[in-house]
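One-letter residues, chain by chain:
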Amino acid sequence: EPGSTFKLQTAAMALDSGRVGINDSFDARGGIAFGGQRISDFHGKNRVLSVPEIFIYSSNVGSARMALKVGPQGQYDFFTKIGFHSKIKTELPEVALPLWPKRLSEVSSATQSFGHGISVSPMHTAAATIPLMNGGKMIPPTFFVRSRAEADALAVQVVKPETSEKMKYLFKLNGQIGSGTRADVAGYRVGGKTGTAEKIENGRYASNKRFNSYLAAFPIDDPQYVVLAVLDEPKAEK
C-alpha cells in the first residue's frame, strides 16, 4: 500500500478534472462515515482546509472529499491513464499487477484517495509521478540508457501542463513547510510527499509494523529526477 504518497495522484486527479481548483477548500472537521467504516485524520486540524493545506497536513478526510467530488468512475479513469490498472512494462518482468477493489464505490474511492486498500509496486508509483512533474507526459520506464529524443517519441500526454505546474507547487510547498522539510537538502531544492502504510500480515493490518516512504522530485522548479525511498519497518535511533 502506498499510503499518503498517493495523495499526490489524488490531488492531480482532482485538479486535472476541473471539478476542484487549487484555491478550493474542503471540510476536514471530524471524519467521514461509510456504514461501520470511518475515515479520520491522524493529526487532524479539525477545520476547513484549502487544497494546499490538505496536501501539506496530509489530511485523509480532505483527500477523500476531493476524490468524492470527482467520483469513483472519474478516479478509475484517471488511474487508468497513469498506468495503475495495468502491468508496467520494463526489461524486468517481475513486476506485479496492482491490486484494486473489485467494484467501484464511494467508500473504496475515498480510501484509495490516501493510498489504503490498494497495492501498487514502487515502480508504478514512481512512473505515475513523472507526468505530474514534467508537464504532463507519461514516459515508459527503462533500465537502459535512452536518449531524450527516444523518450519524447514514447511520451503520451496524460494530464494538462497546468496540472503539472500545480503539482510541482504542492511538492515544493510540502518540502518547505510541510512534512518534507528534513529532505530539503541545501542546493538540491527537493519537493516531495511522505507516506506511511501499515503492513499486512496473514490478511490483517499489523498495527506495529509499517512501510514509511518519501516520494520526491528535484530540482523542484524544473525536475530532472524522481526518487521514491521506502523504509521497511523503520526503527527510531537512540
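Peer 1: Even after reading the chapter, I still don't get the overall build of the chain, so can you show me in this structure?
Peer 2: A tally of regular secondary structure across the chain gives eight helices and nine strands. Taking 238 residues into account, the globule formula puts the C-alpha radius of gyration at 18 Å, and the chain, at 17 Å, falls close to it. When its C-alpha atoms are laid out on the principal axes, the chain stretches across 50 × 45 × 40 Å. For the chain, with 238 residues in total, the buried portion stands at 46%. Here the analysis covers contacts within the chain between residues at least 6 apart in sequence; of these, 61% occur between residues at least 24 apart.

Peer 1: Mind showing me how you'd approach the packing of helix α1 (residues 7-17) against helix α6 (residues 122-133) here?
Peer 2: Geometry of a packed helix pair, given as the angle between the helix axes and the separation of the axes. Their axes nearest at 10 Å, the elements α1 and α6 cross at an angle of 40°. Taken together, the axis directions place α1 and α6 in an arrangement best described as oblique. Here α1 runs over α6; the crossing is left-handed. Of the residues in α6, those in contact with Leu-8, Gln-9 and Ala-12 of α1 are Thr-125, Ala-128, Thr-129, Leu-132 and Met-133. Split into classes, the residues belonging to the contact of α1 with α6 amount to five nonpolar, three polar and no charged.

Peer 1: Looking at this structure, I do not really get the side chain of Ser-50. What am I missing?
Peer 2: Residue placement: Ser-50 occurs in strand β4 (residues 48-50). If we ignore the near neighbours within four places in the chain, the residues touching Ser-50 are Asp-24 and Ser-25.

What counts and how
- Residues numbered from 1 in each chain as written.
- Predicted model: local features only at pLDDT ≥ 70, side-chain atom pairs only at ≥ 80, totals over all residues.
- Heavy atoms only, no water.
- Helix = DSSP H or I, 4+ residues; strand = E, 2+ residues; numbered from the N terminus.
- Rg over C-alpha atoms; globule rule 2.2 N^0.38 Å.
- Buried < 20%, exposed > 50% of the residue type's maximum accessible area, 1.4 Å probe, protein only.
- Contact = heavy atoms within 4.5 Å.
- Axes fitted to C-alpha atoms, helices over the stretch in contact; angles between N-to-C directions.
- Parallel < 35°, antiparallel > 145°, perpendicular 65-115°, else oblique.
- Left-handed = near helix turned anticlockwise from the far one by under 90°.
- Nonpolar A, V, L, I, M, F, W, Y, C, P; charged D, E, K, R; others polar.

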